[in-house]
Amino acid sequence: ELKVEQNPLFLSMQEGKNYTIYCNYSTTSDRLYWYRQDPGKSLESLFVLLSNGAVKQEGRLMASLDTKARLSTLHITAAVHDLSATYFCAVDRSNFGNEKLTFGTGTRLTIIP
Amino acid sequence: DAGVTQSPTHLIKTRGQQVTLRCSPISGHKSVSWYQQVLGQGPQFIFQYYEKEERGRGNFPDRFSARQFPNYSSELNVNALLLGDSALYLCASSLTGWGPEEQYFGPGTRLTVT
């Protein structure tokens, strides 16, 4: 059974600081997604990573994928308050005949002014 | 262009009742997936449909059922509601549901079972 774990589960950081959220998964996959969720809202797609070594950046967020280590990271640079949200990674094993997404536990990020 | 739409937005039901949730995918998308998100957890896969056929089913009891219509909209039905069914139910659509496609999520239906 595929397991997807994120750490930390909770992260409180000051504005202007850098930090990294980690997403580990237990079974081979080369497709990984990052989503953002604001309280009471739906999921907003942030990044789609489709191969080993993939790196994508948008604003203060950068995501990478290491399929050999079964690890993805979401790096936050010079955090601002607007980035406060819960972040989920989700593993896609559709190339193994399993079309569903398996989500991680989520990381609740709070940016303190 | 309209995104994924879901109805109703909120719903309050009593234990033992039945509920139907509705989802309309993005125009041109033929695959719809349903996820349950319990407060404080990540979404869990319930069903995926493509061209009116069930393509995948998660680890949920038979009280959960779904169907997809010729216009690719979908309904999720839950019978004999339990308190534990209280959650945000998310619908996601994609072109075919196969391969490295992005899934686009709707706003969700918040179900409260009392």
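Residues numbered from 1 in each chain as written. Chains lettered and ligands numbered in written order. Predicted model: local features only at pLDDT ≥ 70, side-chain atom pairs only at ≥ 80, totals over all residues. Heavy atoms only, no water.

**A few points about the overall build of chain A**
The line we're drawing: Under the DSSP-based scheme used, a helix requires at least four consecutive residues in state H or I and a strand at least two consecutive residues in state E, with every element numbered from the N terminus. Note on classification: 1.4 Å probe, protein chains only; a residue is buried when its accessible area is under 20% of the maximum for its type, exposed when over 50%, partly exposed between these limits. Contacts are assigned to residue pairs that have any heavy atoms within 4.5 Å of one another. Using a 1.4 Å probe, the Shrake-Rupley method yields the accessible areas, and only the shown protein chains count as cover for residues.
Each helix and strand in chain A was counted, giving 0 helices and 11 strands. In chain A, the order of α-helices and β-strands from amino to carboxyl end is β-β-β-β-β-β-β-β-β-β-β. C-alpha atoms of chain A, sized along the principal axes, occupy 45 × 30 × 20 Å. Residue burial in chain A is summarised as follows: out of 113 residues, 47% are buried. Sequence-distant contacts in chain A: of pairs separated by 6 or more residues, those separated by 24 or more amount to 55%. On chain A, roughly 5500 Å² of surface is accessible, and the fraction owed to carbon and sulfur atoms is 48%.

**Brief notes about unusual backbone geometry**
The peptide bond linking Asn7(A) to Pro8(A) adopts the cis configuration, its omega dihedral lying at 0°. Position of Pro8(A) among the secondary structure elements: in the loop between β1 (4–7) and β2 (10–14). The step from Ser7(B) to Pro8(B) runs through a cis peptide bond, and the omega angle for that step is -10°. In this structure, Arg70(A) is a non-glycine residue whose phi angle is positive, near 55°. With respect to the secondary-structure elements, Arg70(A) resides in the loop between β7 (61–66) and β8 (71–76).

**Overview of the pattern of salt bridges**
Residue and element names in this part refer to chain B. Rules: For salt bridges, the criterion is a side-chain nitrogen of Lys or Arg within 4 Å of an Asp or Glu carboxyl oxygen.
According to the stated counting rule, one finds 6 salt bridges over all chains in the structure shown. As a salt-bridge pair, Arg57 and Asp62 come within 3.6 Å of each other at their nearest N and O atoms. A salt bridge links Asp85 to Arg63, with the shortest nitrogen-to-oxygen separation between them at 2.8 Å. On the criterion of sequence distance, the pair formed by Asp85 in the loop between β8 (74–78) and β9 (87–94) and Arg63 in the loop between β6 (53–57) and β7 (64–68) is long-range, its members being 22 residues apart. The structure contains a network of salt bridges with shared partners spanning Arg22, Arg67 and Glu75.

**Some words on the layout of surface pockets**
If a probe the size of a water molecule is rolled over the atoms, the empty space left behind becomes visible. Using the following cut-off: Cavities and pockets were defined on a 1 Å grid built over protein atoms only: a cavity is a set of grid points that admits a 1.4 Å probe from which the probe cannot escape, a pocket is an open set flanked by protein on both sides within 12 Å along at least five of seven lines, and lining residues are those with an atom within 4 Å of any such point. Grid points are joined across faces, edges and corners, and a volume is the space filled by probe spheres set on the points. Residue classes follow a fixed rule: Ala, Val, Leu, Ile, Met, Phe, Trp, Tyr, Cys and Pro count as nonpolar, while Asp, Glu, Lys and Arg count as charged, and any other residue, Gly among them, counts as polar.
Estimated volume of the largest pocket: approximately 500 Å³. In terms of lining, the largest pocket is formed by 19 residues, of which the most central are Glu1(A), Leu2(A), Thr102(A), Phe103(A) and Gln44(B). Going through the elements one at a time, β1 and β10 (98–103) of chain A together with β5 (44–50) of chain B are the ones with two or more residues in the lining of the largest pocket. Looking at the lining of the largest pocket residue by residue, the class counts come to 7 nonpolar, 8 polar and 4 charged. Taken as a whole, the second largest pocket holds about 430 Å³ of empty space. Residue lining of the second largest pocket: 24 residues in total, with Gln37(A), Thr86(A), Phe88(A), Arg108(A) and Gly40(B) positioned closest to the centre. At the level of elements, β9 (85–93) and β11 (107–112) of chain A are the ones that each hand at least two residues to the lining of the second largest pocket. Counting residues per element, the lining of the second largest pocket draws most heavily on β11(A), which supplies 4 residues. For the lining of the second largest pocket, the class distribution of residues is 9 nonpolar, 11 polar and 4 charged.

**Describing the state of the cysteines**
All names here are of chain A. Formally: Two cysteine sulfur atoms make up a disulfide if the distance between them is within 2.5 Å.
Taken as a whole and assessed by the stated rule, the structure comprises 2 disulfides over all chains. For Cys23, the disulfide goes to Cys89, at an S-S distance of 2.1 Å. When the S-S torsion is 80°, as for the bridge of Cys23 with Cys89, the disulfide is right-handed. Of this pair, Cys23 sits in strand β3 (residues 19–25) while Cys89 is found in strand β9, placing the two residues 66 residues apart along the sequence. Cys89 carries the same exposure label as Cys23, and that label is buried.

Keep in mind these values describe shape, not function.
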